[in-house]
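Residue strings, one per chain:
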Amino acid sequence: MDGCIAYHRSRQDVTPHSDATFTVASSCEHLRVRPNSADMLLPAARHDEGMMKANEFVKHSTIYGIGQVLTRLASVLLLPLYTAALTPEQYGITAILNLGGALLALLLADGVANTIVRFHFDDEDSVQLDRVWWTGLAYITVATIITTGPMLLFRDQLGVMACGDFISASEAGYLVVLALLKTWFGTIQNLLSVYLRVQKRSMLFVSIAMCRLLISIGLNVYFLLSLKMGPAGLLLSALIVTALNAIVLMGIFLAERGRCRFDGALLTGMLRYGAPLILSGLALMLMHEADRYLLRLYGTMQQVGLYSFAHRIGFAVHALCLVPFISVWQVSIFDIARQPDSNATFRRAFDWFVSGMGILYLGASLTVHPVLPWLTPESYGAAAELIPVILLGCFIFGLSFHFDVPALLARRTLLVIPASIAGVIVNVSGNILLIPLMGARGAAWMGVLTYAAFSGIILAYCRRAVVIPYRWGLNALKLAGFCGTYVTARFFCFPTMAPVAQIALSVALCCMWAVTLFGRDAIAWWVARRQSPVRDAFTIPDRDIQSLAPVASEPEYVSV
């Protein structure tokens, strides 16, 4: 669940820069950069300054990416602990409650947090910055208290709605209390984490995240294995870690921003600006997460648990593969766009993406069958059949990061909103039809159709801005080849092979695809390297130097 929430946020998130020359817009229309002294620089000087800022962006993005990758990797390694201590029904309960808290946090805080970052760069005056951050923090704190207060009064009723009759109403109410308190601290923690990112304190940010992760692991082991607290132990551990993190971040914030400065007029402007972000984020989150609630309504809690478990593994793999790519891609597209042959470069990047991600997802889809039984009890065995389908949906969703490039370059990001709305409609209506017939398997396949509709509509709308001539036939053939390889190995080879042999076959097939798709480029690179040994592998060819010259008449943008 955490993985997919991270991805819908990645389309809204605002990554800061120290100068207004590189302004980052969110899912609203991109804002034109105000002229400043940098616009008076000579083209060469502006280019050097721009490259330094781009390199700084890549550095911080890479640090954040490493932190996210380590977090996702740890979550995967902890799955044997969760599955040993929790039944699929108990895992489903924690998934539903965490999902409800994440939805509440999105409605209360996410749009405001992104808005605060935008307002942060409107004025460099220190007092005004204090007003911006204190106003946003005060609003989120009060809004969360007002919202969660009545929910605490009706905790037993909400617990029964979320957990059904699998546990008693009083126990379910206690779990709701833990989830709501975690949400309250979480909204504050998330905003103050964004504050560190605005200050470009990437090392401090990742260090705190790693400490939080280690404490979380220790508490989970203690509550789940030693005390055998079940879902309550998992939620209590999350609450303690979130509260400690919020307190540490608040201490840093108070030391730097001083006393509270609230501005009611400023809050009105923030809410007006942030409303579209909330709606867009809500649509994306429903597209990713609505199937869990529909499984709860039309299926069983066991199906919710198995599907949530498979979804967590699938999106953890997705994060491990995609986060490093996104960290560089979302800034590199603007340098690529300045090249005279930019369309050819975008087409080549798309070819490499399909090949590379396809091989990684194929390997994960195959190895999950022999590896998962070693890590989880037999009660979770059915998840192995769901994970490859979820990974197929993740692969299709990842294509949208290429398809929305024209909208980002043309500053027409509203073009992606219809895709989010369509994704919600397809997901909800399709799951209502398929879940009663196919259960968790229907939800998994509906995810594939949802992401296909989402990515396809993004492609159709963004082509109105710029048409990038992708090689559809070649890449469709690759995808068909990956799917055919999986079906052949899974259903014709694996049944007669031992687990170790299955892993060996999976590795061999991925290596075969890697040689087939990347062998020619690798040989060409090696030959060029041998012919020019003094040049670095990443040195730009002489013929491409001119392509990096900046366009003096165009303002510079960075978008995420």
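The present account deals with the structure reproduced in this document. (Residues numbered from 1 in each chain as written. Predicted model: local features only at pLDDT ≥ 70, side-chain atom pairs only at ≥ 80, totals over all residues. Heavy atoms only, no water.)

### Regarding the overall build of the protein chain
The condition is simple: Put simply, DSSP marks the helices as runs of H or I at least four residues long and the strands as runs of E at least two long, and each gets a number from the N terminus on. When a residue's accessible area, from a 1.4 Å probe over protein chains only, is under 20% of the maximum for its type it is buried; when over 50% it is exposed; and in between it is partly exposed. Note on contacts: a residue pair qualifies if any of its non-hydrogen atoms lie within 4.5 Å across the two residues. Note on areas: Shrake-Rupley, 1.4 Å probe, and residue coverage restricted to the protein chains presented here.
For the protein chain, the count of helices and strands is 19 helices and zero strands. Here the protein chain holds 560 residues, and 52% of them are scored as buried. Nonlocal contacts in the protein chain, meaning residues at least 24 apart in sequence, comprise 83% of its contacts between residues at least 6 apart. With an accessible surface of roughly 24500 Å², the protein chain has 67% of that area assigned to carbon and sulfur atoms.

### Brief notes about the side chain of Thr135
As a reminder of what qualifies: Under the rule applied, a polar contact is a pair of N or O atoms within 3.5 Å (in protein, one hydrogen donor and one hydrogen acceptor; residues adjacent in sequence only if both atoms are side-chain atoms).
When you line up the elements, Thr135 lands in helix H5 (residues 126-153). We classify Thr135 as buried; its relative accessible area is 0%. In terms of polar contacts, Thr135 uses its side chain to reach the backbone carbonyl oxygen of Arg131, at 2.6 Å. Of note is the side chain of Thr135, whose polar atom sits 3.0 Å from the backbone nitrogen of Asp263. Once residues lying within four places of it in the same chain are set aside, the contact partners of Thr135 are Arg261, Phe262, Asp263, Leu266, Leu267 and Met270.

### Overview of unusual backbone geometry
Look at Lys228: it is not a glycine, yet its phi comes out positive at around 50°. Mapped onto the fold, Lys228 is located in the loop between helix H8 (202-226) and helix H9 (231-257).

### What to know about the nonpolar core
Stated formally: By convention a nonpolar core is built from buried Ala, Val, Leu, Ile, Met, Phe, Trp, Tyr and Cys residues, the set being connected through side-chain atoms within 4.5 Å.
If you look at the biggest cluster of nonpolar residues, it comprises 95 residues, and the most contacted ones within it are Tyr82, Leu97, Tyr307, Phe309 and Leu372. Setting aside residues up to four positions removed in sequence, Leu97 forms contacts with Ala162, Leu175, Val176, Ala179 and Leu235. By size, the runner-up hydrophobic cluster in this structure holds 26 residues, among which are Ala109, Ala113, Phe119 and Trp133.

### Here we look at helix H16 (residues 417-438)
Rules: By definition here, a helix of n residues has an expected span of 1.5 Å times n minus one. Throughout, the bend at a residue refers to the angle made by two axes, fitted to the seven residues ending there and to the seven starting there.
With 22 residues, H16 ought to run about 32 Å at 1.5 Å a step, and its terminal C-alpha atoms sit 30 Å apart, in line with that. By the largest-angle criterion, Asn431 marks the main kink of H16, which is about 35°. Every buried residue belonging to H16 is among Ala419, Ser420, Ala422, Gly423, Val424, Asn427, Gly430, Asn431 and Ile435, and all of these are buried. Directly after H16, the chain includes Gly439, whose backbone phi takes a positive value near 65°.

### Structural notes on the environment of Gly398
Among the secondary structure elements, Gly398 is positioned in helix H13 (residues 383-398). Taking the C-alpha atoms as reference points, Gly398 and Ser455, 57 residues apart in sequence, are found 8.3 Å from one another. Setting aside residues no more than four positions away along its own chain, Gly398 makes contact with His318, Leu322 and Phe353.

### Considering the pattern of salt bridges
Pairing between side chains of opposite charge can happen when the charged atoms of each approach one another. Here is the rule: Salt bridge, as used here: a side-chain nitrogen of Lys or Arg that lies within 4 Å of a carboxyl oxygen of Asp or Glu.
Using the criterion set out here, one finds eight salt bridges in the structure. Where Arg292 meets Glu289, a salt bridge forms, and the shortest distance between an N and an O atom there is 2.8 Å. On the criterion of helical spacing, the pair formed by Arg292 and Glu289 is a turn pair, its members being three residues apart in helix H10 (residues 264-298). Residue Glu289 is classed as buried on the basis of its relative accessible area of 3%.

### Let's talk about the packing of aromatic side chains
Heads up, the condition is: Note on aromatic contacts: the rings of Phe and Tyr and the six-membered ring of Trp form a pair at centre separations within 6.5 Å, being stacked when their planes are under 30 degrees apart, edge-to-face when over 60 apart, and tilted otherwise. Criterion for a charge above a ring: Lys NZ or Arg CZ within 6 Å of the ring centre, and within 35 degrees of the ring normal.
Evaluated as defined, the whole model comprises 22 aromatic pairs. Ring geometry for Trp134 and Phe253: centres 5.1 Å apart, planes at 70°, overall edge-to-face. Highlighted residues: Trp134 in helix H5 and Phe253 in helix H9, separated in sequence by 119 residues. Here Trp134 and Phe253 have matching classes, each one buried. Between Trp184 and Phe185, the ring centres sit 4.8 Å apart and the planes meet at 80°, which makes this aromatic pair edge-to-face. Using a relative accessible area of 22% as the deciding quantity, one classes Trp184 as partly exposed. You can call Phe185 partly exposed: its relative accessible area is 22%. An aromatic cluster is present here, built from Trp133, Trp134, Tyr195 and Phe253 joined pairwise through their rings. Looking at Arg464, its charged tip hangs above the ring of Tyr461, at a distance of 4.3 Å from the centre. If you follow Arg490 out to its NZ or CZ, it ends over the ring of Phe491, 5.2 Å from the centre.

### Observations regarding the packing of H13 against helix H17 (residues 440-462)
A pair of packed helices is characterised by two quantities: the angle between their axes and the separation of those axes. Spelled out, the test is: Every axis corresponds to a line fitted to the C-alpha atoms, with the helix fit spanning only the stretch in contact, and the corresponding angles, defined between N-to-C directions, vary from 0 to 180 degrees. Any angle from 65 to 115 degrees is called roughly perpendicular, while one under 35 is roughly parallel, one over 145 is roughly antiparallel, and all others are oblique. Ten residue types, Ala, Val, Leu, Ile, Met, Phe, Trp, Tyr, Cys and Pro, are classed as nonpolar, four, Asp, Glu, Lys and Arg, as charged, and the remainder, Gly among them, as polar.
Relative orientation of the contacting elements H13 and H17 amounts to 10°, with a least axis distance of 8 Å. Classified by the interaxial angle, the pair formed by H13 and H17 is roughly parallel. Facing Glu385, Leu386, Val389, Ile390, Leu392, Gly393, Cys394, Ile396 and Phe397 of H13, the residues of H17 in contact are Ala440, Arg441, Ala444, Trp445, Val448, Tyr451, Ala452, Phe454 and Ser455. When its residues are assigned to classes, the contact of H13 with H17 shows 14 nonpolar, two polar and two charged.

### Some remarks on helix H18 (residues 472-493)
Rules: Directions pointing from the helix axis toward each C-beta atom define the arc.
Counted at 1.5 Å a residue, the expected span for H18 with its 22 residues is 32 Å, and the 30 Å between its end C-alpha atoms agrees. Looking at H18, one finds that the buried residues are Asn475, Lys478, Gly481, Phe482, Thr485, Tyr486, Ala489 and Arg490. The buried residues of H18 occupy one face: seen down the axis, they fall within an arc of 145°. Away from its buried face, by an angle of more than 90 degrees, H18 presents the exposed residues Gly473, Leu477 and Phe492.

Interpretation in functional terms is not warranted from these geometric data alone.
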